[in-house]
Structures are given as structure tokens and as C-alpha cells.
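Report on the structure
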2 protein chains.
Amino acid sequence: MSKGITKRSEDYSQWYNDIVKKADLAEHSPVRGCMIIKPYGYSIWEKIQQNLDIMFKETGHTNAYFPLFVPKSYLSKEADHVEGFAKECAVVTHYRLKNAEDGSGVIVDPEAKLEEELIIRPTSETVIWNTYKNWIQSYRDLPILLNQWANVVRWEMRTRLFLRTAEFLWQEGHTAHATSQEAIDETIQMLDVYGQFAEEFMAMPVIKGKKSESEKFPGAIDTYCIEALMQDGKALQSGTSHFLGQNFAKAFDVKYADKEGKLEYVWGTSWGVSTRLMGALIMAHSDDLGLVLPPKLAPIQVVIIPVYRNDEQKEQIAEKAKVIMKDLKAKGISVKFDDRDTHKPGWKFAEYELKGVPVRLALGPRDLENNTVEVARRDTLEKEFVSLDTATDHIVELMDKIQNNIFDKAHAFRAENTVEVDTYDEFKAVLDDKGGFISAHWDGTSETEELIKKETKATIRCIPMDQKLEEGKCIYSGKLSKGRVIFARAY
Amino acid sequence: MSKGITKRSEDYSQWYNDIVKKADLAEHSPVRGCMIIKPYGYSIWEKIQQNLDIMFKETGHTNAYFPLFVPKSYLSKEADHVEGFAKECAVVTHYRLKNAEDGSGVIVDPEAKLEEELIIRPTSETVIWNTYKNWIQSYRDLPILLNQWANVVRWEMRTRLFLRTAEFLWQEGHTAHATSQEAIDETIQMLDVYGQFAEEFMAMPVIKGKKSESEKFPGAIDTYCIEALMQDGKALQSGTSHFLGQNFAKAFDVKYADKEGKLEYVWGTSWGVSTRLMGALIMAHSDDLGLVLPPKLAPIQVVIIPVYRNDEQKEQIAEKAKVIMKDLKAKGISVKFDDRDTHKPGWKFAEYELKGVPVRLALGPRDLENNTVEVARRDTLEKEFVSLDTATDHIVELMDKIQNNIFDKAHAFRAENTVEVDTYDEFKAVLDDKGGFISAHWDGTSETEELIKKETKATIRCIPMDQKLEEGKCIYSGKLSKGRVIFARAY
């Protein structure tokens, strides 16, 4: 089976599109900029959701649901916020269709015009803080620790499946606190949750840091982020956590009475990750044969493929396969037994390779004789014969090994592709040569940042949390810098 | 604590609103017709989702995600479908805001007008069948068995929390089949899944049946439904399953090649339940003290409330409580230990009663002496002292008992409020006297149905699946009828 996947070395962007398409993850819809998440892609997203949801609940959050629509006047209440989102708002203006009088078909009924236009939420700070105003009277009502899983719309002109679409799925946490410090702690806690999820579940090492002024969320005091490195040397912002200060509390007049009865504005945070994580997951690990999934997020962790020449063999193999399945399921491993007659084993091998299934077992007549099974790893493509007596334990261990190996590989790649540079020439050379994360001194001004971006398309990904305080000279302006920041070209 | 819940006997409608509000389930948002589902309400919805999702997957379905937007031209492709939804469509016409030139604020940018208006999905048949066209070529591509969890918008003029809102959350299954029979079997299978879920999880008996022509889904050949009876004697349609025939396949030109290579139109079904189930759940079981939740859908199944006079007692009780919690959790029961100092035990008793927590445990100093715990049931309000040695097993058994008792109570209520009538006078008398399900003969015409509706506000809820073939005379027209159908006033 020819998979028709373009090689990464030939055309990275086409390789990505090919994987998304051939592994049945998603496709473009005829509705401009919107995607259809196909069943296999969605089942990976479900694993992401389930595991994040557990982490959110463990840190004290509960889910709720707020309306899809934001009245235009709400969006306008926080100046930076509306400035940031106005250019990409889908606007509902009417609430009815009718038959055209000339019989030409169905038209928008001009009589059903809304008094105030509604925006499809690009994010829900405004709707939620408008609600918090009613929920919060005293310090006893705080903190509020909510999350919602929802769809949002940002009208993007250039879209790419998972990475940038007009409609996307995400979660957005919105919390309210009595003190600045508590809100900052929450912001950092959720950054850490994202970092932990990325590394432990997605097997994707990330740099945690703070955004520069020009890159922060419209309406935030500070935006923190996790940044991952893709195989083409470009960075991908994979999650953000915002300290909102009292900005939205002031915009929506949300105050609480403290223990002395004094009225204070409430402090807020918001934080989110989206279906963009799917793009990160695909690009971080996959290869020219298809998707590579870390076991913790693989909807199918093990596939068993029977190899037989006649019905008798088929039956004997099925019997063995069922025992293996039962044992693996008892260990919490998801297994699929693909005994379809419509496809040859070789076709199936390629298919599950393409879909990134971490472990493939093949069972043939010789295995029955020898009491063995062939175990193939998707990450290393290694194959070995294992005794059926120890196969279950072997596979259980393999899950961890594969998870760790995928992380280590991505970690090694990032290490190779993170360099410190001290001059602008070096900076540009590294960018054009291999890309990656570039650690360099910056004078801290938006002007310099803007000029570097204009000249090289590289942006400051973040000021890392573990930034060393180290005096240096800005690679661009030569002015004083107090520490290195992380630059990269980014998605 | 005065709960401020209106009595059912005084004002049923206000009682419902009070429960929704006081039990922290949902509230109206300032956005017309949209609701905010509050954390406690949402946690019940999550239980509904999780259990239904398992049942969908067990019957071979997988989840996917399709766009929020439906191009106006798609909606128009199936004549009945657009006719049914045109009057309640939220329409997106623009994709950008800008600052008004006169400085008056943010306005919709007239230059950012969409070429074709987009409808916020009221349901997704059209978008999905447009996609199925590309996914289906041959019989090998069938069946397709998909579901999506999503928000939809139907612009309702009169809204009620959970029961009828402009935006609501739901799941919509959309399947495609090679034969009519297979699609009909799927339709009935999902009706049965809904019926089973309603009865086993919601503890709510339902009548399964088929809708009359005038009540069926716009675009369906047949609509099947589950109908439940509320405590005020009104019916509530709680789920529908539609046999679409080839209607959407023809509208979107979706054909498959059969084994002989002959092209045939594909057969379809769709089926859905929504946050309306929350309304059904509340109205079916709750009482004048608040919500009554069946254990299988209760986010908190057991609450433990300590009753103490000093810190020493508090500590000793906490120690016991932690043992009980651990034991119950090991049995898969969700427990909350409410040891807040800010509220008195009596306040907490009322609070969890209001929130419908099935079992309340109270632990006081005398319980420590006697090695007992006070166990209170929400459904019967009975209290008893149970030895701590057997408390866990007792509570595990109680979960089933309460679940069954709630069902039995609702079942008995329905039995009392289902009557056969043979004359129109009797029909009207029952409707005005006590409501309920009325089983009566009908001549099968839409005209009669319409006249009865106009005169009495009662509608045909369904032609029950277990309808007896029995000759009779239509209560309205006196014409021949082949069997009784179920009438009721309905939500």
C-alpha cells in the first residue's frame, strides 16, 4: 500500500496535511475556515479532554456552561479586549429566514433584525464577568473556579486544520479571587498543569514562560504560555494562562466586600488550550510513515493482526488473540483485534502505522507452534518475538517505554535545536539554517521586538520562567539586557 | 433556613423555576433566551452525558465534530427541513467589527458582509449529509454510525430554563445505511437506548411511540419519541429518533454502489436528546423541599455532615467520617464531607435536601459512643440509625433501593394519571380535571388532530409502540379508528 504521504524533508507543510488527511483526523468543511473533526481525530481529542478534565477537577475546578452569544456592547467594555478581537468577529444580525416574495428561495427576513448585534464568542471573559457581577458579593463567594468546554469562533483569513481554524474547540477556565497573589498563584498553577499535561501525556517537552507586552492576551496584565518545538524548527504556542488583574472586574463592576466590609474589585484569571493541541501532537512526533501517538493519548494502544492461510488457522489464532485481548484489557490497555477478511495483513500493518497505534501484534501459524507473538513498536519500528507467557507484562512495560522514548526523542531534538546566540548575524544565520529556539538578549522594548519580527519573522516566544539573570547586550540594539529570552519563528 | 420554594400545589410553574434557581442548576443570561448552566446543574448534565456516551459506544457509534455554521443554501436543500426551521434561525451576516468614524463606539463593519449568510446550526443533518456525500462511494463505506455532542440554536420567543432555550446543548446521532430496513432498525435501536436510559438512569418511565404526521421532524419519514409524564399532568417529549428514509441522501445526492455496482441512494437516521432532559429530571421527581435526584445521576450520592460542640468532637468525627468516605469511595460511591465551620448542621441538612443528594449521613457525639451513624434518605425523608460496622453495605444497598423507589413512585403516578376515554366530553373533562396521558381513539387525520389541539391544547404525544389493534370510533369525528393513541397537554 502506497500511503501517499509527502516526506518531511520534501515539503513539511504538505507532510502535515497528508498525515491529517490520510490518518483520518480531520478535513476542511465547505464552510469557510471550519473543520470537520473525523471520528479517529475526535477520539484522540476525547483522550486529551478526559485527562485535562481530571487535572482541572483535581485542582478544584468545576465545569459550567455560558452562552455562545456575546452582545456587542459587552465585548466593547474592556478596551484592549475589543481592540484585540473586533477584526475577527462573526456577527449575528437576524433571527429568521423567510421565503422570498419573488419565489427565488429562502432569504434573511429583514424584519427580523436584532436590536443589538450578537457576536459568536471568540472567548468568554465578557459574558462570564458580567455573570460574576451577580454571583459575587462578599469574600465568602470567592474564589470562583470554573471551566467550560466549548466551541469558539475567530474569523481567520488563512486557516490550517487544527492549527488555525475559524471555529475551534477548546476549554476556557475563568476564575475570580479576593487577592492579586491568589490570582497570580492560580495563573501559574494552571500554566504548570498545562506543562505537566504536555510533557506527561503528549510526550512533548515545553518551555514555560511569560509573553512580552505585544504578545499578551487582549485584556490581560500578564500572559504565560507553554511553547513547544515542532520538527521543522518552528515553535507552537500550545496553551496560555492569563493573569487578568482587575481589568474585567473594573469593566463589569465586579466588587466584593472583604472581612471588614470594604468593597474591592475582584482579581481574575483565564486559561485555555484548544484543538490546536492536536496539531502540536501530530507535528511533534510523527514521521514519514504516518502518525506517532504517545500511548497515553492513543485511542487504540495495541492492535492485533492475525496472519493465516485457512479457516482452521484463523480460528486457532482468534482464540489466542482473544486471550491476549482479555489480559491486556484487564491491565487497562485498549486493544483492537482486526480480523477483517477484506484486507490483507500487509495493508493492515501500513494502516495502523499510519494511524500511530503504539504497538502492533501479529499472530501467525508459526507463532502458534512456538507459543510466540510478534511485537512491533510504532515509535522505533523495532520488531521482536515474545513468548505468549510473558507477552502481557512485556506490553504493559512497553507502554511506558514508548511513552518515555517519544518524549526523550522530542527532548533531544529540542536540545539540538536550541542555541544561544550573541549577535544579530548569528541570530539570522541560525534562523535560516535550522530554525529552532534561539536564546538571545533583548533590550525589553516593543520597538526592537517589532523590528526583529519584521526583518526575520521571528518573534519572542516567551521570557522563560527559569530565565537566568545575566547581564548582556541586546542582539539588535546593543542596549542593556538583563537576561535571555526565547525567539523562534512560530505557527 | 427558609428555602423560598413555592409549593407545587400553589404554582407548579413557579415551583419549577424556584428549584432550578435555588438548587443552583441554571439561570437566565442577559442574552435573550440563552441560559447559564451553573456548576451543580452542569455536573448533573455531565453524568447524563457520560452514561449516554457509553451506551452510544456500546451500540457501535463514535463521536465526531461538524461545523457550527450551516450555509443558507444547504438548509434550503430539503424542502420540509427548511420550512420547519426557517422561522427560528440565528443568521451570521458579517465577520468583522470596527470603530465607528464618529467615535460613537464599535460597529459592525459594513464592508465585511458575507457573500452567503451562515445559519447557526439548529440541527446538523444538512452539513453532515453534505459531508457524507464525499465519504460514501460503495456499500463498503456503510454503515456510518456517528454522534456529536454540540450546542445548537433555535430562536424561541418564549423560553424556559432547560425546557426551551434559544441555545441548548445536545447530542445528535447521524447514521447512513445501505438498506431501508437497517436504517429503521437503527432508528428503533436508538429509541430503545433512550427509553432504557430514561428508565434506568433517570428513573423516569416513558412511553415509546411514533409521532403523527404533523408532529414529526421536518425532513423525516417517521419520528419516534419517548414521552414522560410530569407531576402537573403535562407530558414532556424527552428524546426523538428519526427515520429519514432517503430524503437527505436525495437532497445532497448521496449514493452508494451496491455489490453489483448499481448506484442507490443512502438511507439515513438521526436522533437526539438535549439539556431538556434536565428539565424532565427535575419535574419528574422533585418535591416541595427541592430537587430529588436518582442516585445514578447524582453528582454527590452521599453527604456526610458532622455535628459537634467542640474541637475534640470535631476531630473524632472527622476521623470516623474519613473511614466511611474511604469505604464508600472504594465501592464506587461519590461522597462529600462537608465540615465547613461557616454553616450550622441544620442549614447544611436543608441545603443538601434542596440539592437532591440521595443520602445524608449525620455523625454526632452520641454516634461515636454508640458506634452508629444517622442515615437519611432524600426520597422518602426517612431517617434511621445504622451501626458503623454495616453502614457501607447498607448505603450501597440503599443506592439501588432509592433508585428503584424513585422509579416506582413515578411509575405509580403515571399509572394513576393514564386513562382510557371513549368520548370527547370525557376527554375534555379529564384534561381539565387532572391532565395526564389520555388513551383515546383517533381517526388518523391531521384535520381532527388539529381541531382537538385548537379546542383543548392537547396534542397526540405518540402512537405507542405497543398499541393494541382494536377497532373503535374517533372521539372527535366518530369515524373508524384502528387503535388508541396517547393524548396530553405537553411542554
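Residues numbered from 1 in each chain as written. Chains lettered and ligands numbered in written order. Predicted model: local features only at pLDDT ≥ 70, side-chain atom pairs only at ≥ 80, totals over all residues.

A word on the overall build of chain A
When its secondary structure is counted, chain A shows 14 helices and 27 strands. C-alpha extents for chain A along the principal axes are approximately 80 × 70 × 55 Å. Per-residue burial for chain A yields a buried fraction of 48% across its 491 residues. Considering only intrachain contacts with a sequence separation of at least 6, the fraction spanning at least 24 residues in chain A is 67%. (Helix = DSSP H or I, 4+ residues; strand = E, 2+ residues; numbered from the N terminus. Buried ≥ 20, exposed ≤ 12 C-beta atoms within 10 Å, placed from the backbone. Contact = placed C-beta atoms within 7 Å.)

Quick notes on the environment of Glu-186 of chain A
Residues and elements named next belong to chain A. Here Glu-186 lies in helix H6 (residues 180-200). When the C-alpha atoms of Glu-186 and His-242 are compared, they prove to be 9.4 Å apart, with 56 residues separating the residues in sequence. In this structure, Glu-186 is in contact with Thr-175, His-177 and Thr-269, ignoring residues within four places of it in sequence.

Considering the interface of chain B and chain A
Taken together, the 49 residues of chain B in the interface contact 49 residues of chain A. Each residue belonging to the side of chain B that touches chain A can be placed in one class, and the counts come to 30 nonpolar, 11 polar and 8 charged. For strand E5 (residues 91-94) of chain A and strand E5 (residues 91-94) of chain B, the ladder comprises 3 bridges, and the chain directions are antiparallel. Bridging across to E5 of chain B, His-94 of chain A finds its partner in Val-91 of chain B. (Nonpolar A, V, L, I, M, F, W, Y, C, P; charged D, E, K, R; others polar. Pairing = 2+ DSSP bridges.)

Describing the sheet that holds strand E3 (residues 62-63) of chain A
Residue and element names in this part refer to chain A. Pairing is mixed across the open sheet formed by 11 strands, whose spatial order is E3-E9-E10-E16-E13-E12-E11-E24-E27-E23-E22. The sheet is open, and its two borders are formed by E3 and strand E22 (418-420), each paired with just one other strand. In the sheet, strand E13 (residues 235-245) pairs with strand E16 (residues 267-274) via 5 bridges, with the strands oriented antiparallel. Across the sheet, residue Thr-240 finds its bridge partner in E16, namely Gly-272.

Regarding the environment of Lys-255 of chain B
All names here are of chain B. As for its placement among the helices and strands, Lys-255 is situated in strand E14 (residues 255-257). For the pair Lys-255 and Ala-228, spaced 27 residues apart in sequence, the C-alpha separation works out to 38 Å. The residues touching Lys-255, leaving out its near neighbours within four places in the chain, are Leu-263, Glu-264, Tyr-265 and Val-266.

Comments concerning the nonpolar core
Nonpolar side chains in soluble globular proteins tend to be buried together. Membership of the largest hydrophobic core comes to 299 residues, with the highest contact counts inside it found for Ala-228 of chain A together with Ala-228 of chain B. Setting aside chain neighbours within four positions, we find Ala-228 of chain A in contact with Ala-198, Met-204, Val-206, Leu-236, Ser-238, Ala-280 and Ala-284 of chain A. (Core = buried A, V, L, I, M, F, W, Y, C linked by C-beta atoms within 7 Å.)

Quick word on the sheet that holds strand E18 (residues 335-337) of chain A
Either a parallel or an antiparallel arrangement is found when strands of a sheet pair, and the pairing is made through backbone hydrogen bonds. All names here are of chain A. With mixed pairing, 5 strands are arranged side by side in an open sheet as E18-E17-E19-E20-E21. Of all the strands in the sheet, just E18 and strand E21 (383-387) have a single pairing partner and so form its edges. Looking at each pair of strands side by side, their axes are set apart by 25° on average, direction ignored. Bridging between strand E20 (residues 372-377) and E21 involves 5 bridges; their strand directions are antiparallel. Within E21, the position partnered with Thr-372 by the bridge is Ser-387. The strands touched by helix H9 (residues 311-330) are strand E17 (302-306), E18 and strand E19 (359-363); relative to E17, the strand with the most contacts, the crossing angle is about 170°. (Axes fitted to C-alpha atoms, helices over the stretch in contact; angles between N-to-C directions.)

What about helix H2 (residues 39-58) of chain A?
Residue and element names in this part refer to chain A. Helix length check: H2, at 20 residues, gives a terminal C-alpha distance of 28 Å against a target of 28 Å (1.5 Å per residue), a fit within 8%. Looking at H2, one finds that the buried residues are Gly-41, Tyr-42, Ile-44, Trp-45, Ile-48, Leu-52 and Phe-56. Looking straight down H2, one finds that the buried residues subtend no more than 155° of arc, so they occupy a single side. In H2, the exposed positions angled more than 90 degrees off the buried face are occupied by Gln-50, Ile-54 and Glu-58. Downstream of H2 by one or two residues, Gly-60 has phi in the positive range, about 90°. (Expected span 1.5 Å × (residues − 1). Arc of directions from axis to C-beta.)

Re the pairing of E5 of chain A
The sheet contact formed by E5 of chain A and strand E8 (residues 113-120) of chain A spans 3 bridges and is antiparallel. Counted as the bridge partner of Val-92 of chain A is Leu-118 of chain A from E8 of chain A.

Thoughts on the domain arrangement of chain A
All names here are of chain A. As far as domains go, chain A holds domain 1 (12-285), domain 2 (295-402) and domain 3 (418-488). If you average the C-alpha positions of domain 1 and of domain 2, the two centres end up 40 Å apart. Taken together, the contacts link 10 residues of domain 1 with 6 residues of domain 2. Across the side of domain 1 that touches domain 2, the residue classes tally to 7 nonpolar, 1 polar and 2 charged. (Domains from an automatic or database assignment.)

Structural notes on the relation of the copies chain B and chain A
Note on the identical chains: chain B maps onto chain A by a rotation of 180° and an axial translation of 0.0 Å, with an RMSD of 0.1 Å. Here the copies are linked by what is in effect a two-fold axis. If distances are taken from each C-alpha of chain B to the rotation axis, the shortest is found for Val-92 of chain B, at 2.1 Å. Most of the interface of chain B is mirrored in chain A, where 100% of its interface residues again form contacts. (Least-squares fit on C-alpha atoms with pLDDT ≥ 70 in both.)

Focus on the pairing of strand E16 (residues 267-274) of chain B
For a regular strand, the rule is simple: side chains alternate between the two faces of the sheet. Residues and elements named next belong to chain B. When you tally the buried positions in E16, you get 8 out of 8 residues, the bulk of the element. Both faces of E16 are covered, namely the face carrying Trp-267, Thr-269, Trp-271 and Val-273 and the face carrying Gly-268, Ser-270, Gly-272 and Ser-274. Where strand E10 (residues 167-177) meets E16, 8 bridges bridge the pair, whose relative direction is antiparallel. Paired with Gln-171 across the bridge in E16 is Val-273.

Description of unusual backbone geometry
Residues and elements named next belong to chain A. Along the chain, Leu-142 connects to Pro-143 via a cis peptide bond; the corresponding omega equals -5°. For Pro-143, the position within the fold is in the loop between helix H5 (125-135) and strand E9 (144-153). Even without being a glycine, Lys-457 presents a positive backbone phi close to 65°.

Some remarks on helix H1 (residues 12-22) of chain A
Along an α-helix, a turn takes 3.6 residues, which lines up residues three or four apart on a common side. Residue and element names in this part refer to chain A. Of the residues making up H1, those classed as buried are Trp-15, Tyr-16, Ile-19 and Val-20. Projection of H1 onto a plane perpendicular to its axis shows the buried side chains occupying an angular sector of 130°, all on one side. In the segment just after H1, Asp-24 is the residue with positive phi, at about 60°.

As for the environment of Lys-133 of chain A
Residue and element names in this part refer to chain A. Here Lys-133 lies in helix H5. Separated by 123 residues in the primary sequence, Lys-133 and Tyr-256 have C-alpha atoms spaced 9.1 Å apart. Those residues in contact with Lys-133, other than ones at most four positions away along the chain, are Phe-252, Asp-253 and Val-254.

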